[in-house]
Amino acid sequence: MPANAIRFTKDHEYIRVEGNSAVVGITNFAQEQLGDIVFVELPAVGKVLKQGDEAAVVESVKAASEIYAPASGTVTEINTALGAEPALINSDSEGAGWMFKLTLTSPAEIDGLLDEGAYAEISK
């Protein structure tokens, strides 16, 4: 997989692989569906996640949504800026609005996720 490749889940999370680690968040499509995000509950640094585990919760004016780990790994960093400014997810979901970083334990899991073309098909 190329460096900085982005893959997507059917639940609208993205994962951007950067070497042995990865940045995780929700897609622009997901934040549009949720509306104004008012609170984010992030995983603890050091938490071990398996692919598909609930990793975080995003609350918007419309609903609360669980965010699932797109791949297995250990949380190495969380985006602390979201505590004070959860709307970063609305304004830049795949940039400044990232949620957490993982050290991947099973990088091959990424290959089973959707590429941009396949994700575009399900997020119309």
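Above: the structure in question.
The rules behind each value
- All residue numbers here refer to positions counted from 1 along the written sequence of the relevant chain.
- Selection of residues for local features in this predicted model requires a pLDDT of at least 70, selection of side-chain atom pairs for listing and counting requires 80 or more, and totals for whole chains, interfaces and linings are taken over all residues.
- To obtain the side-chain values, all non-hydrogen atoms of the structure were used and water was disregarded.
- Side-chain atoms within 4.5 Å link the members of a nonpolar core, which is a set of buried Ala, Val, Leu, Ile, Met, Phe, Trp, Tyr and Cys residues.
- Each residue is placed in one exposure class: buried if its accessible area under a 1.4 Å probe, protein chains only, is under 20% of its type's maximum, exposed if it is over 50%, and partly exposed if it falls in between.
- Per the convention used, a helix needs a DSSP run of H or I reaching at least four residues, while a strand needs a run of E reaching at least two, with both numbered from the N terminus.
- DSSP bridges decide pairing: two strands pair if at least two such bridges lie between them.
- Axis definition: a line fitted to C-alpha atoms, over the contacting stretch in the case of helices. Angles run 0 to 180 degrees between N-to-C directions.
- A pair of Phe, Tyr and Trp rings is counted when the ring centres sit within 6.5 Å of each other, with Trp represented by its six-membered ring. The angle between the planes then sorts it: under 30 degrees is stacked, over 60 is edge-to-face, the rest tilted.
- For a lysine, the NZ atom is tested; for an arginine, the CZ atom; a charge sits over a ring if that atom is within 6 Å of the ring centre and within 35 degrees of the ring normal.
- A patch is a set of surface residues, each over 30% in relative accessible area and not in a salt bridge, joined within 9 Å for like charges and within 5 Å for the nonpolar side chains Val, Leu, Ile, Met, Phe, Trp and Tyr.
- Per-residue accessibility takes into account occlusion by the displayed protein chains alone, with areas from the Shrake-Rupley method and a 1.4 Å probe.
- By salt bridge we mean one thing: a side-chain nitrogen of Lys or Arg within 4 Å of a carboxyl oxygen of Asp or Glu.
- Counted as positive: Lys and Arg. Counted as negative: Asp and Glu, with His and the chain ends omitted from the count.
- A charged residue contributes its charge at one atom only: NZ of Lys, CZ of Arg, CG of Asp or CD of Glu.

**Considerations on the nonpolar core**
Here's step 1: Counting 26 residues, the largest nonpolar core has Ile15, Ile26, Met99 and Phe100 as its most contacted members.
Here's step 2: Elements that contribute at least two residues to this core include exactly strand S2 (13–18), strand S3 (21–26), helix H1 (28–34), strand S4 (37–41), strand S6 (54–60), helix H3 (88–92) and strand S9 (100–104).
Here's step 3: Counting residues in each nonpolar core, the second largest holds seven residues, with Ile6, Tyr14, Val23 and Tyr119 among its members.

**Things to note about the pairing of S2**
Here's step 1: Most of S2 is tucked away, with five of its six residues classed as buried.
Here's step 2: Linking strand S1 (residues 6–8) to S2, which pair antiparallel, is a turn of four residues; within it His12 sits at a positive phi near 75°.
Here's step 3: Looking at chain direction, S2 and S3 are connected through six bridges and run antiparallel. Across the sheet, residue Val17 finds its bridge partner in S3, namely Ala22.
Here's step 4: Taking the residues between adjacent antiparallel strands as the criterion, S2 and S3 are bridged by two residues, where Gly19 takes a positive phi near 75°.

**What about the sheet that holds S6?**
Here's step 1: The strand order across the open sheet formed by three strands is S4-S6-S7, and the pairing between neighbours is antiparallel. At either margin of the open sheet sits one strand with a lone partner, and together these are S4 and strand S7 (64–68). Going from strand to strand, the sheet's axes swing by 25° on average, the running direction of each strand aside.

**Describing the environment of Thr105**
Here's step 1: Residue position: Thr105 is located in the loop between S9 and helix H4 (116–122).
Here's step 2: Given a relative accessible area of 52%, Thr105 falls into the exposed group.

**Describing the sheet that holds S2**
Here's step 1: Strands sit in the order S1-S2-S3-S9-S8-S5 across an open sheet of six strands; the sheet is antiparallel. Taken across any chain shown, the strands that pair with only one partner, and hence form the sheet edges, are S1 and strand S5 (48–49).
Here's step 2: Across two bridges, S5 lies against strand S8 (residues 73–78) in antiparallel orientation. Counterpart to Val48 in the pairing with S8 is Thr74.

**Focus on the packing of aromatic side chains**
Where two aromatic rings form a pair, the distance of their centres and the angle of their planes describe that pair.
Here's step 1: One pass over the full model with this rule turns up one aromatic pair.
Here's step 2: Ring centres of Phe8 and Tyr119 lie 4.7 Å apart, and the angle between their planes is 15°; on these two criteria the pair is classed as stacked. Separated by 111 residues along the polypeptide, Phe8 in strand S1 and Tyr119 in helix H4 bring together distant segments of the chain. One exposure class covers both Phe8 and Tyr119, and it is buried.
Here's step 3: Across from the ring centre of Trp98, 5.0 Å away, lies the NZ or CZ of Lys101, which sits over that ring.

**Thoughts on a nonpolar patch on the surface**
Here's step 1: Taken together, the side chains of Val38, Phe39 and Val61 present a nonpolar region at the surface, about 280 Å² in accessible area.
Here's step 2: In this structure, Phe39 sits in strand S4.
Here's step 3: Residue class for Phe39 comes out partly exposed when judged on its relative accessible area of 40%.

**Topic: a negative patch on the surface**
Here's step 1: Side chains of Glu41, Glu54, Glu59 and Glu66 sit close together on the surface and give a patch of like negative charge.
Here's step 2: Positionally, Glu59 belongs in strand S6.

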